[in-house]
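Structural characterization, general
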Amino acid sequence: MATSVDLGLNAYDGARMKMDELFVLWLGQKGTGKMIRNLLEAAAAGKPIERPASTGLLAALSSPSSSSSLSPGGSGQLKSPAHGHNLHGYAQPPPRSPSSSKHAGAAWSPKSGGRAGAGGGGRSVERYLSPEKRSSRTPSDEEPQQSGSSGRQGAQAAAAPSPKQRALVPPFYFPGEGGRGRGRALESGAFDNRREDVLEVFNRHPRGISVDDFVPVTKTLCGFPSFFNAVLFRRIVAAFGDGGGGGGGGAAAEDMSLGSGGGDGARITLAQFTAFWREEIEPYDLVERFFRIVKQPDKDFIGRDDFTPFIAELLMYHPGLEFLENHPDFHPKYSATVTARIFYAVNTAGNGRITQRELRRSNLVAMFNVVDEEEDINKVTQFFSYEHFYVLFCRFYELDSDRDNRLSRENLLKYGDHALSSAIVDRIFEVGPRPFEPEADAPPDWRDWMSYQDYVYFMLSEEDRGNERSIRYWFTCVDLDGDGRIGHVEMRYFYDVQMHRMESLGHEVVAYADMVCQIWDMLQVGDRPYVTLEDFLRPDVLKVGGVFFDCLFNLSKFIAFEQRDPFSERQKRADPFDADWDRFAFHDYNRLAAEDEREGTDAEGVDLDAADEWVMDEDRHITVEAPF
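Residues numbered from 1 in each chain as written. Predicted model: local features only at pLDDT ≥ 70, side-chain atom pairs only at ≥ 80, totals over all residues. Heavy atoms only, no water.

As recorded in an unreviewed UniProt entry, the chain goes by the name EF-hand domain-containing protein, listed as coming from Tribonema minus.

**Topic: the overall build of the chain**
Note the following rule: The numbering of helices and of strands both runs from the N terminus, where a helix is a DSSP run of H or I of at least 4 residues and a strand a run of E of at least 2. Buried residues are those whose accessible area, probed at 1.4 Å on protein chains only, stays under 20% of the maximum for their type, while exposed residues exceed 50% and partly exposed ones sit between those limits. We call two residues contacting when some pair of their heavy atoms lies within 4.5 Å. Reported accessibility uses the Shrake-Rupley method at a 1.4 Å probe radius. Residues are deemed covered only where the shown protein chains occlude them.
Secondary structure assignment for the chain yields 31 helices and six strands. Put simply, the chain has 628 residues, and 39% of those count as buried. Here the analysis covers contacts within the chain between residues at least 6 apart in sequence; of these, 63% occur between residues at least 24 apart. Surface summary for the chain: the accessible area is close to 35300 Å², and the carbon and sulfur share equals 53%.

**Here's the deal with the packing of helix α16 (residues 331–346) against helix α23 (residues 452–463)**
What counts here: Each axis is a line fitted through C-alpha atoms, and for a helix only the stretch in contact is used; angles between axes span 0 to 180 degrees, taken between their N-to-C directions. Working definition: roughly parallel below 35 degrees, roughly antiparallel above 145 degrees, roughly perpendicular at 65 to 115 degrees, and oblique for all remaining angles. By the definition used in this description, the sense in which the near helix is turned from the far one sets the handedness, with an anticlockwise turn below a right angle giving left-handed and a clockwise turn giving right-handed. Put simply, Ala, Val, Leu, Ile, Met, Phe, Trp, Tyr, Cys and Pro go in the nonpolar bin, Asp, Glu, Lys and Arg in the charged bin, and everything else, Gly too, in the polar bin.
At a minimum axis separation of 9 Å, α16 and α23 run at an interaxial angle of 50°. Looking at the two axes, α16 sits oblique to α23. Viewed along their axes, α16 and α23 form a crossing whose handedness is right-handed. Each of Lys333, Ala336, Thr337, Thr339, Ala340, Arg341, Phe343 and Tyr344 in α16 lies in contact with α23, whose residues at this interface are Tyr452, Gln453, Val456, Tyr457, Leu460 and Ser461. Looking at side-chain class alone, the contact of α16 with α23 contains eight nonpolar, four polar and two charged residues.

**Here's the deal with the UniProt feature "domain: EF-hand" (unreviewed entry) in the chain**
Which entries qualify depends on this criterion: UniProt positions are given in the numbering used here, feature names are shortened, and annotations may be inferred rather than shown by experiment.
Mapped onto the present numbering, the UniProt feature "domain: EF-hand" (unreviewed entry) falls on residues 466–501. Here residues 466–501 is 69% helix and 8% strand, with 26 Å between the C-alpha atoms at its ends.

**What about the pattern of salt bridges?**
Definition in use: Whenever Lys or Arg places a side-chain nitrogen within 4 Å of a carboxyl oxygen from Asp or Glu, that contact is recorded as a salt bridge.
Enumeration according to the criterion identifies 28 salt bridges in this entry. Glutamate 282 is paired through a salt bridge with arginine 278; the nearest N and O atoms lie 3.8 Å apart. A residue is classified by how much of its surface remains accessible, and glutamate 282, at 24% relative accessible area, is partly exposed. Through salt bridges with shared partners, one network takes in Glu462, Glu463, Arg465, Asp550 and Lys557.

**Structural notes on the packing of aromatic side chains**
Convention followed: Classification of ring pairs uses Phe, Tyr and Trp, with its six-membered ring standing for Trp, and accepts pairs whose centres are within 6.5 Å; under 30 degrees between planes counts as stacked, over 60 as edge-to-face, and the remaining range as tilted.
Following the criterion strictly, the structure yields 46 aromatic pairs and no others. Summarising the aromatic geometry, the rings of phenylalanine 240 and phenylalanine 276 are spaced 6.0 Å apart at their centres and angled 75° between planes, so their arrangement reads as edge-to-face. With phenylalanine 240 in helix α11 (residues 229–240) and phenylalanine 276 in helix α13 (residues 270–281), the pair connects residues that are 36 residues apart, well separated along the chain. No difference in accessibility class separates phenylalanine 240 from phenylalanine 276, as the two residues are buried.

**A short note on helix α26 (residues 512–523)**
The following threshold applies: Helix span, as expected, comes to 1.5 Å for every residue beyond the first. The reported arc concerns the directions from the helix axis to the C-beta atoms and nothing else.
For α26, which comprises twelve residues, the first-to-last C-alpha distance of 16 Å matches the rise-based estimate of 16 Å (1.5 Å per residue) to within 8%. Taken residue by residue, α26 has Tyr512, Met515, Val516, Ile519, Trp520 and Leu523 as its buried positions. The buried residues of α26 occupy an angular sector of 125° when the element is viewed end-on, so they sit on one face. Seen from the open side of α26, the exposed residues pointing more than 90 degrees away from its buried face are Ala513 and Asp521. Buried residues along α26 sit against α25 (488–504), β4 (530–532), α27 (533–537) and α28 (547–553). One or two steps after α26, the chain reaches glutamine 524, where phi turns positive at roughly 55°.

**Quick word on the environment of phenylalanine 558**
Within the element layout of this structure, phenylalanine 558 appears in helix α29 (residues 555–562). With eleven residues separating them in the primary sequence, phenylalanine 558 and valine 547 have C-alpha atoms 7.5 Å apart. Not counting residues within four places of it along the chain, the set of residues in contact with phenylalanine 558 comprises Tyr495, Gln498, Met502, Val510, Asp550 and Cys551.

**So, unusual backbone geometry**
Residues other than glycine seldom take positive phi values, yet phenylalanine 383 does so here, at roughly 80°. Position of phenylalanine 383 among the secondary structure elements: in the loop between α18 (364–373) and α19 (386–399). Backbone geometry at histidine 418 places phi at a positive 60°, although glycine is not the residue there. Its place among the elements puts histidine 418 in helix α21 (residues 415–418).

**As for the nonpolar core**
Just so we agree on the cut-off: By convention a nonpolar core is built from buried Ala, Val, Leu, Ile, Met, Phe, Trp, Tyr and Cys residues, the set being connected through side-chain atoms within 4.5 Å.
Core analysis: the largest hydrophobic core is formed by 121 residues, its most contacted members being Phe273, Tyr334, Phe384 and Phe458. Residue contacts for phenylalanine 384: discarding those within four places in its chain leaves Leu314, Tyr334, Val338, Arg341, Met367, Phe368, Val371 and Ile377.

**As for α19**
Stated precisely, the cut-off is as follows: Pairing of N or O atoms within 3.5 Å defines a polar contact, subject to two protein rules: one partner must be a possible hydrogen donor and the other a possible acceptor, and residues neighboring in sequence count only if both atoms are side-chain atoms.
For α19, with 14 residues, the first-to-last C-alpha span of 20 Å sits near the 20 Å given by 1.5 Å per residue. Among the 14 residues that make up α19, eleven are buried, leaving the element largely enclosed by the rest of the structure. Within the sequence span of α19, burial applies to Tyr386, Glu387, His388, Phe389, Val391, Leu392, Phe393, Cys394, Arg395, Phe396 and Leu399. Sitting at the amino-terminal end of α19 is serine 385, which places a side-chain oxygen 3.4 Å from the backbone nitrogen of glutamate 387.

**Side note on the side chain of aspartate 582**
Short version of the rule: Positive charges are assigned to Lys and Arg, negative charges to Asp and Glu, while His and the chain termini are left out of the count.
By the secondary structure assignment, aspartate 582 is in helix α31 (residues 580–599). No salt bridge is formed by the buried aspartate 582, whose closest oppositely charged neighbour, arginine 341, lies at an N-O distance of 5.1 Å. With residues up to four places along the chain from it excluded, the contact list for aspartate 582 reads Thr381, His388 and Phe577.

Here is the structure:
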């Protein structure tokens, strides 16, 4: 009857792991591969298999010195490579990439008893062991150490990859660029690759190119929108007017960037443009070129006023804004609206400074090119739509009763037919995020007023709560103590005012416990007595989390949520709008347009009050169906 051998390993934790480690170590010995091969050949030939002689590992394990260091009761200490052995004079090999290791002769070789080209069987298994276990090996486990400097030189020669091996690993780090190639100069941007195109343009203008003829250079060669033409021309003239490098333009470029034209008779020669290309185009990718031309030359961020000259050119030349040519009073308001919307979407830090990192994470560069190509500016709903500007400005104008271009608390309380509670309006003026820092000469009570661009921030956040920017806006307002949590005390503070308003207006009062039950199920926060910002920013909650804020302080939207129609919700999901703001702006613009038309003459006899009969055509403009 066969009996199993009890090695006594059950009394020690990790004994099986240690045995597996020793087995791997044994396989890596110099003579192990040859011994296994001989045993396999003998078994295949039918010869009797004799017990092999003790290998170096068995001899090391049977020696008193090694047993004291490996046994649980021994006094030997495991040493790290920094304090004990250093692989007997050999430096620890660097980790190899999978693509290079297969070319370095690292395949398992039974003849050598280890990995070919590894410099000895013992070292081939070092990378499988922890640093403490590597240093616990004894000299008997490895082949004899080479003496003197020749051994060290041999080790260095074996560890150093050959030029052919280095070529197998492509370069993956380039100074000055971000991850995944962000910031890497484009090969097509090298001047030598575009020399023929540049010469073809400048050969038609031997005396240089004027600002009116510079548009093909701006758009085709440099890759900027056509309305960048005048600003780019002035920058080149100011920085490279003498044909030499300008180091980014300095103060002269800053002064000229806000002027008009490039000076009477100013021209850019081939030498000037070549200097500009090599300094501002060739070393950078498309995003960084955009960043450098928009920002001021001595700054490392895009500020509030940096977009002004570009939007001025857009107003002057875009066919979709041609009707504003005779209404210059609206130009500053349109420019301020576009700027505020850009900072709302791109400046995630909320400090009024767009960094290159924020620019790369946005689609702003692409949208500038889209608006340059699209003739109907209302189709570019991000940033540039005139209809969206019209809605924002008209809403602000309706609230600004004294026409001082700013709103007070009393003005803002009228928003949406008094939809907001006084509690949230107070918080908006106290801590509500503002797009830009106050000017140095701002009065001490600047927080008691809301400028037009502050209002743009507020309205975008109020009418579209399905984006991160809006959620952060309202979370800041509701978080009374600023601890990053909204608990029952804060929710009660706002909801008590909401309940009083429902009762005063004759609506059915929703109990606080019922409201909390609905919200907690929607946000899926479990038994926690509070919610955090992260609860709202989860992808499955982001689009619906705004209902939480409607329940606390927006009575109109809260009642609409309680009385919502499932059919209208399905229609809402099927409409062509990408965001709640686009949907709101479309309907509100047509409401405002209908009111203007109602105040005039209704020449066509259209019943503009029959809103249920309105439909959208293919261009997303409102039409009226026949009553039958």
